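Remarks on the overall topology
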Amino acid sequence: MTKKERVTVLARFNLLKGFEDIYPPEVFIWQWIETKAKEHFNLYNYEEIKLPIVESTDLFTRGIGEGTDIVEKEMYSFQDKSGRLLTLRPEGTASMVRCYVENNLFNRPSPQKFFYYGPMFRYERPQKGRQRQFYQIGAEALGIDNPAIEAEMLLMLSRLLKTLGLNSLNIEINSIGCDDCRPQYKKELRSFFEDKKSHLCVDCNRRYESNPLRILDCKVTNCIESRQGVPVLAQFLCPNCSRHYSALKGFLDEFQLRYVQNDNLVRGLDYYTRTTFEITTEALGAQKAVCAGGRYDRLVEQFGGPSTPAVGFAIGVERIVALLKDNYKEAQRESVFIAIIDEKAEKKAHKIAEDLRDKGIVVSVNFGKGSLKNQLRKADRLNSSHVIILGEEELSRDKLSWKNLRNHTQGEGKIDEFLTNIEVKA
Ligand code: ATP
Ligand code: MG
């Protein structure tokens with residue numbers, strides 16, 4: 001294929017805008033985050049749940065809410081061959097609740113704590129920290145009314161983020177009330193913004209009617225300016241919501257978990273009630289939330305299940321990776337590389353490799369021909385700790401030569417002795 005033909009072919013099969021390939025070495029950071037997240041969820045007794053990537057469009061329209069950014073603008077929806085309207089999931093909570101109701105999981109002893117991990121799809125304008133396919137790690141706890149569960153979740157998140165080396169993130173919290181107190185606040189908001197409508201953006205003019213709370217988290221400058229002096233939701237909370245919010249803060253204080261109260265934290269999804277929270281950073285520019293969540297006490301019932309309080313969050317994995325990229329030291333996964341100087345040694349090399357794998361040691365055998373120099377370069381790229389060198393001469397004496405690439409020692413010895421004595425950190 002000529003260079004020109006190659007360029008034409010590549011252009012035809014280009015990666016779609018807003019989608020990413022993730023490959024080594026960056027993928028090691030991903031694996032590390034996934035492993036640590038699972039370890040932490042396990043520590044707090046969250047169990048994994050694997051949910052489908054495609055669901056019927058209705059699930060999200062109903063669950064997330066008609067007037068939300070996701071449902072209005074961001075869904076990847078399509079018709080399948082039998083004309084059903086389907087959507088690539090934009091988030092995990094709606095599917096989780098569907099699964100909970102459909103499988104009668106509410107009959108099991110409560111609380112039930114689940115976590116999920118996987119790709120989500122939103123048709124957004126791709127930019128730094130915002131893709132059309134992105135990964136979320138999320139957790140949900142169902143059946144618990146007590147604000148101690150929100151506190152436990154924030155403790156778990158904070159422990160996880162610290163383990164990942166992210167110590168200076170902000171926890172922002174708010175309460176957006178319930179069906180008893182929120183309607184009154186919405187009324188107040190509408191009358192506050194009534195004479196400011198001409199300053200609000202097109203979206204906020206729509207939100208004025210559908211859900212005026214959303215005007216509070218609009219990022220458009222005019223809308224931010226119009227919010228000066230806006231009534232604060234905390235003052236409109238009913239006694240139950242107010243008690244819930246105070247109790248949550250009491251828990252966080254007890255554990256000395258630092259947080260800020262953000263009166264404008266209303267979140268983009270319709271299903272939230274009472275507690276909302278976000279974990280944010282100043283290091284990522286405009287896309288500053290690395291995790292977001294809240295309570296959704298009405299959703300299970302809305303999907304046909306019994307009234308069940310619930311709370312959950314989702315971490316945006318790309319944004320965590322972006323924070324770790326500069327500081328992450330490549331995983332020190334040690335391994336052995338077997339260089340073959342003489343083709344006759346090939347079978348023996350694979351035999352030694354299998355013996356090493358029996359001991360749990362990661363091994364690569366060189367494939368094909370290549371100078372020793374070339375093979376040592378490969379070993380280096382694979383972060384090998386040891387190189388075994390096999391040539392005709394070594395074989396005839398049942399010996400091998402080895403190099404320790406960590407402490408730069410080398411030697412030779414009987415194959416059996418080497419296999420007995422080698423120690424490699426896994
Ligand atoms: P944002 O305000 O950034 O659009 P959101 O409120 O839409 O976020 P959620 O639906 O709560 O986000 O999703 C939880 C987390 O998932 C976000 O805090 C973020 O880290 C991540 N996330 C959301 N959308 C994207 C995206 N398009 N690309 C990358 N990460 C995303
Ligand atoms: Mg969004």
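Residues numbered from 1 in each chain as written. Chains lettered and ligands numbered in written order. Predicted model: local features only at pLDDT ≥ 70, side-chain atom pairs only at ≥ 80, totals over all residues. Heavy atoms only, no water.

Per the secondary structure count, the protein chain includes 16 helices and 16 strands. Against the globule reference of 22 Å for 426 residues, the protein chain gives a C-alpha radius of gyration of 28 Å, more extended than a compact globule. Dimensions of the protein chain, computed from the C-alpha atoms along their principal axes, are close to 90 × 60 × 45 Å. Considering the protein chain as a whole, with its 426 residues, one finds that 48% of them fall into the buried category. Counting only contacts in the protein chain whose residues sit at least 6 apart along the sequence, the fraction spanning at least 24 positions is 69%. Across the protein chain, the mean location of the 63 positive side-chain charges is 3 Å away from that of the 59 negative side-chain charges. (Helix = DSSP H or I, 4+ residues; strand = E, 2+ residues; numbered from the N terminus. Rg over C-alpha atoms; globule rule 2.2 N^0.38 Å. Buried < 20%, exposed > 50% of the residue type's maximum accessible area, 1.4 Å probe, protein only. Contact = heavy atoms within 4.5 Å. Lys, Arg positive; Asp, Glu negative; His and termini not counted. Charge placed at Lys NZ, Arg CZ, Asp CG, Glu CD.)

A separate point is unusual backbone geometry. Across the junction of Pro24 and Pro25, the peptide omega takes the value 5°, indicating a cis bond. Among the structural elements, Pro25 can be located in the loop between α1 (3-12) and α2 (26-43). Omega for the bond connecting Ser110 with Pro111 falls within 30 degrees of zero, at 0°, which places this linkage in the cis form. Position of Pro111 relative to the elements: it lies in the loop between α5 (93-102) and β5 (112-121). For Asn104, which is not a glycine, the phi torsion comes out positive at approximately 50°. As for its placement among the helices and strands, Asn104 is situated in the loop between α5 and β5. Under the relative-accessibility criterion, Asn104 is labelled partly exposed at 40%.

Turning to the domain arrangement of the protein chain, a few remarks are in order. Per the domain assignment, the segments making up the protein chain are domain 1 (6-181 + 237-324) and domain 2 (333-420). For domain 1 and domain 2, the distance between their C-alpha centres works out to 46 Å. (Domains from an automatic or database assignment.)

Okay, the sheet that holds strand β7 (residues 170-175) next. Hydrogen bonds between backbone atoms are what pair the strands of a sheet, whose relative direction is either parallel or antiparallel. Here eight strands make up an open sheet; going across it, the order is β1-β5-β6-β11-β10-β9-β7-β8 and the pairing mixed. Two strands bound the open sheet, and with one partner strand each, they are β1 (47-48) and β8 (260-261). In the sheet, strand β10 (residues 289-295) pairs with strand β11 (residues 310-316) via five bridges, with the strands oriented antiparallel. Looking across to β11, one finds that Cys291 is bridged to Ile315. The strands touched by α2 within the sheet are β1, β5, β6 (133-142) and β11, with β6 carrying the most contacts at an inclination of about 5°. (Pairing = 2+ DSSP bridges. Axes fitted to C-alpha atoms, helices over the stretch in contact; angles between N-to-C directions.)

Time to look at the pairing of strand β3 (residues 76-79). In terms of strand pairing, β3 meets strand β4 (residues 85-88) through four bridges, oriented antiparallel. When the bridges of β4 are listed, Ser77 appears paired with Thr87.

Core analysis: the largest hydrophobic core is formed by 94 residues, its most contacted members being Ile33, Phe41, Tyr46, Phe313 and Ile320. Per-element tally for this core: the top contributor is helix α6 (residues 148-163), with eight residues. Apart from residues no more than four positions distant in its own chain, Phe313 is found in contact with Phe41, Tyr116, Ile137, Gly138, Ala139, Met153, Met156, Leu157, Phe277, Cys291, Ala292 and Gly293. Formed by 18 residues, the second largest nonpolar core is a distinct cluster that contains Ile340, Ile361, Val363 and Leu400. (Core = buried A, V, L, I, M, F, W, Y, C linked by side-chain atoms within 4.5 Å.)

Now for the packing of α6 against helix α10 (residues 239-254). Packing of α6 against α10 brings their axes to within 8 Å, and their N-to-C directions diverge by 40°. Here the hand of the crossing between α6 and α10 comes out right-handed. Here α6 contributes Ala148, Glu150, Ala151 and Leu154 to the contact with α10, which in turn contributes His244, Leu248, Phe251 and Leu252. Considering only residue class, the contact of α6 with α10 consists of six nonpolar, one polar and one charged. (Left-handed = near helix turned anticlockwise from the far one by under 90°. Nonpolar A, V, L, I, M, F, W, Y, C, P; charged D, E, K, R; others polar.)

Below, the discussion takes up the pattern of salt bridges. Overall, the coordinates contain 32 salt bridges when judged by the stated rule. Of the charged contacts, one joins Glu278 and Arg267 as a salt bridge, the two residues approaching to 3.1 Å between their closest N and O atoms. Of this pair, Glu278 sits in strand β9 (residues 273-280) while Arg267 sits in the loop between β8 and β9, and the two are 11 residues apart along the sequence. Judged by relative accessible area, Glu278 falls into the buried class, the value being 14%. (Salt bridge = Lys/Arg side-chain N within 4 Å of Asp/Glu carboxyl O.)

Strand order across the open sheet formed by three strands is β2-β4-β3, with antiparallel pairing between neighbours. Each having just a single partner strand, β2 (54-56) and β3 make up the two edges of the open sheet. Each strand axis lies, on average, 35° off the axis of its neighbour in the sheet, ignoring direction. Relative to β4, β2 runs antiparallel, the two sharing three bridges. Bridge pairing links Val54 to Leu88 in β4.

All chains considered together, the criterion is met by 12 aromatic pairs. With a centroid separation of 6.3 Å and an interplanar angle of 50°, the aromatic rings of Phe41 and Tyr46 are classed as tilted. Between the aromatic rings of Tyr117 and Tyr135, the centroid separation amounts to 6.0 Å while the plane-to-plane angle is 35°, which identifies the pairing as tilted. Here Tyr117 is found in strand β5, whereas its partner Tyr135 is found in strand β6, with 18 residues between them in sequence. (Phe/Tyr/Trp six-rings, centres within 6.5 Å; stacked < 30°, edge-to-face > 60°.)

Relative to the helices and strands, Glu102 resides in helix α5. Look at Glu102 and you get exposed, because its relative accessible area is 54%.

Quick look at the site of ligand 1 now. In the vicinity of ligand 1 there are 15 residues, among which Arg122, Glu124, Arg130, Arg267 and Ala289 approach most closely. The backbone of Gln131 places a nitrogen or oxygen atom 2.9 Å from a nitrogen atom of ligand 1. Between an oxygen atom of ligand 1 and a side-chain N or O atom of Arg319, the distance comes to 3.2 Å. Protein coverage of the free-state accessible area of ligand 1, which is 580 Å², stands at 88%. Residue assignment for the shell around ligand 1 shows that the elements contributing at least two residues are β6, β10 and β11. Here the shell around ligand 1 takes four residues from β10, the largest share from any one element. (Near = heavy atom within 4 Å. Polar contact = N/O pair within 3.5 Å; in protein donor to acceptor, adjacent residues only side chain to side chain. Areas by Shrake-Rupley, 256 points an atom, 1.4 Å probe, with all protein chains shown as cover.)

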